[in-house]
Amino acid sequence: MATLEELTVEATAEIEAAKPLFKQVNNERLEYSASDYDQAITDLANSKWNDQQFGYIQARQEAYGSIAEQLDMMYWDGVNGTTTWADHIAQVKSDNPKPA
Amino acid sequence: MAGSLIKVDEEIVTSAVASVSLLGIDSTYDVYQLVISNYQSASNQSIAMRVTESGTPNSTANYDEASKYLKSSSAFSNFSNTNQTSGFLTTTVGSTAGYNGNTTAYLFNFNNASEYSFYTVEASHSETSGGVLGLQGGGVFTSTSSCDGVYIFGNNSYNFTGNFTLYGLKK
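How each quantity is defined
Residues numbered from 1 in each chain as written. Chains lettered and ligands numbered in written order. Predicted model: local features only at pLDDT ≥ 70, side-chain atom pairs only at ≥ 80, totals over all residues. Heavy atoms only, no water. Helix = DSSP H or I, 4+ residues; strand = E, 2+ residues; numbered from the N terminus. Buried < 20%, exposed > 50% of the residue type's maximum accessible area, 1.4 Å probe, protein only. Contact = heavy atoms within 4.5 Å. Areas by Shrake-Rupley, 256 points an atom, 1.4 Å probe, with all protein chains shown as cover. Lys, Arg positive; Asp, Glu negative; His and termini not counted. Charge placed at Lys NZ, Arg CZ, Asp CG, Glu CD. Salt bridge = Lys/Arg side-chain N within 4 Å of Asp/Glu carboxyl O. Polar contact = N/O pair within 3.5 Å; in protein donor to acceptor, adjacent residues only side chain to side chain. Nonpolar A, V, L, I, M, F, W, Y, C, P; charged D, E, K, R; others polar. Pairing = 2+ DSSP bridges. Expected span 1.5 Å × (residues − 1). Arc of directions from axis to C-beta. Axes fitted to C-alpha atoms, helices over the stretch in contact; angles between N-to-C directions.

### Some points on the overall build of chain A
Then step 1. For chain A, the count of helices and strands is 4 helices and 2 strands.
Then step 2. Dimensions of chain A, computed from the C-alpha atoms along their principal axes, are close to 65 × 35 × 15 Å.
Then step 3. Counting over 100 residues, chain A shows a buried share of 31%.
Then step 4. Sequence separation of 24 or more characterises 57% of the internal contacts of chain A that already satisfy a separation of 6 or more.
Then step 5. With the model as given, the accessible surface of chain A reaches about 6200 Å², and the carbon-plus-sulfur share is 57%.
Then step 6. The distance from the centre of the 7 positive side-chain charges to the centre of the 17 negative ones in chain A is 4 Å.

Encoded structure:
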């Protein structure tokens, strides 16, 4: 897992490669100033950090079956003695691991 | 009522840029409306915003937000965050041609120096997986400052095009 410092180095390289970047204000297209570039690097590094640290939360929310589907799994697990629901939860967690 | 939506600023971006500022918020109107249409980015990214003070974006960690993502290709999900350096106006918009981002946000108390600046967000766009996504939510800039506009950028700093308009709601 990368540190924020390592991700900042990565972001700096990506912004350098993307230069020149422009901003539009009052219908004028102007190249970024040095402080704009610094902010873009900070923003990109923070975005990478958030994805790395917290992206699994969103991914898990979207991968879990609906409450109705999960209740159905639990019912049939009770009837048939299977572990469909627990397997489903375990699979989602393993596909979208929490950072160490 | 006819003539109730007054255009304050408009930026039509045809040559891609990495940020857009819409300025002109003052005490003339209590509520402003931000409309983004036909947003298209060179790479997958979310549209984010910051308030501006004297035209300069405020990037302090004072943005709180909460949203519901309404997805056609997977389960709905919730998103919330506090003390961020910006607020989201969409989740990730796909970069494939036709995956345009569209958002409407209402801005409250932006010019009022004794109140926090609140905003609602309502977005519709296509996401990276190709599914249609709706987003409903809102946020707040938790600083009692007088804001004069909004600064719009991609959270991954990539270039984008689109139409960006700021309206005042006539009192």
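### Things to note about the interface of chain B and chain A
Then step 1. Each partner contributes to the interface: chain B provides 31 residues, whereas chain A provides 22 residues.
Then step 2. On the surface where chain B and chain A come into contact, there are 2 salt bridges.
Then step 3. We note a salt bridge from Asp 43 of chain A to Arg 50 of chain B, for which the minimum N-O separation is 2.6 Å.
Then step 4. The interface formed by chain B and chain A includes 19 residue pairs in polar contact (both at pLDDT 80 or more).
Then step 5. Broken down by element, the side of chain B that touches chain A gets its largest block of residues, 7 residues, from strand β1 (residues 5-17) of chain B.
Then step 6. Considered class by class, the residues forming the side of chain B that touches chain A number 14 nonpolar, 13 polar and 4 charged.
Then step 7. Judged from the 3 bridges that link them, strand β1 (residues 22-25) of chain A and strand β2 (residues 19-23) of chain B form a sheet pairing that is parallel. Looking at the pairing, Val 25 of chain A lines up with Ser 21 of chain B of β2 of chain B.

### Concerning helix α4 (residues 84-95) of chain A
Then step 1. With 12 residues, α4 of chain A should reach 16 Å at 1.5 Å per residue; the first-to-last C-alpha distance of 16 Å fits that figure.
Then step 2. In this structure, the buried side of α4 of chain A is in contact with α2 (34-63) and α3 (67-80) of chain A.

### Topic: α3 of chain A
Residues and elements named next belong to chain A.
Then step 1. Between its first and last C-alpha, α3 extends 20 Å over 14 residues, near the 20 Å set by a 1.5 Å rise per residue.
Then step 2. If you check which residues of α3 are buried, you get Gln 70, Met 73 and Asp 77. For α3, the angular spread of the buried residues around the axis is 55°, confining them to a single face. Facing away from the buried side of α3 by more than 90 degrees, the exposed set consists of Ile 67, Ala 68, Leu 71 and Gly 78.
Then step 3. Of the surrounding elements, those touching the buried residues of α3 are α4.
Then step 4. Once α3 ends, the next one or two residues include Gly 81, with phi positive near 70°.

### A word on the sheet that holds strand β3 (residues 31-41) of chain B
One key point about sheets: their strands pair by backbone hydrogen bonds, in either a parallel or an antiparallel sense.
Residues and elements named next belong to chain B.
Then step 1. If you walk across this open sheet you meet the 8 strands as β1-β13-β3-β9-β10-β11-β6-β7, and the pairing is antiparallel. Of all strands in the sheet, those bounded by a partner on one side alone are β1 and β7 (77-84). Within the sheet, the average angular offset between the axes of one strand and its neighbour, ignoring direction, is 15°.
Then step 2. Where β3 meets strand β13 (residues 160-169), 8 bridges bridge the pair, whose relative direction is antiparallel. Paired with Leu 34 across the strands is Leu 166, a residue of β13.

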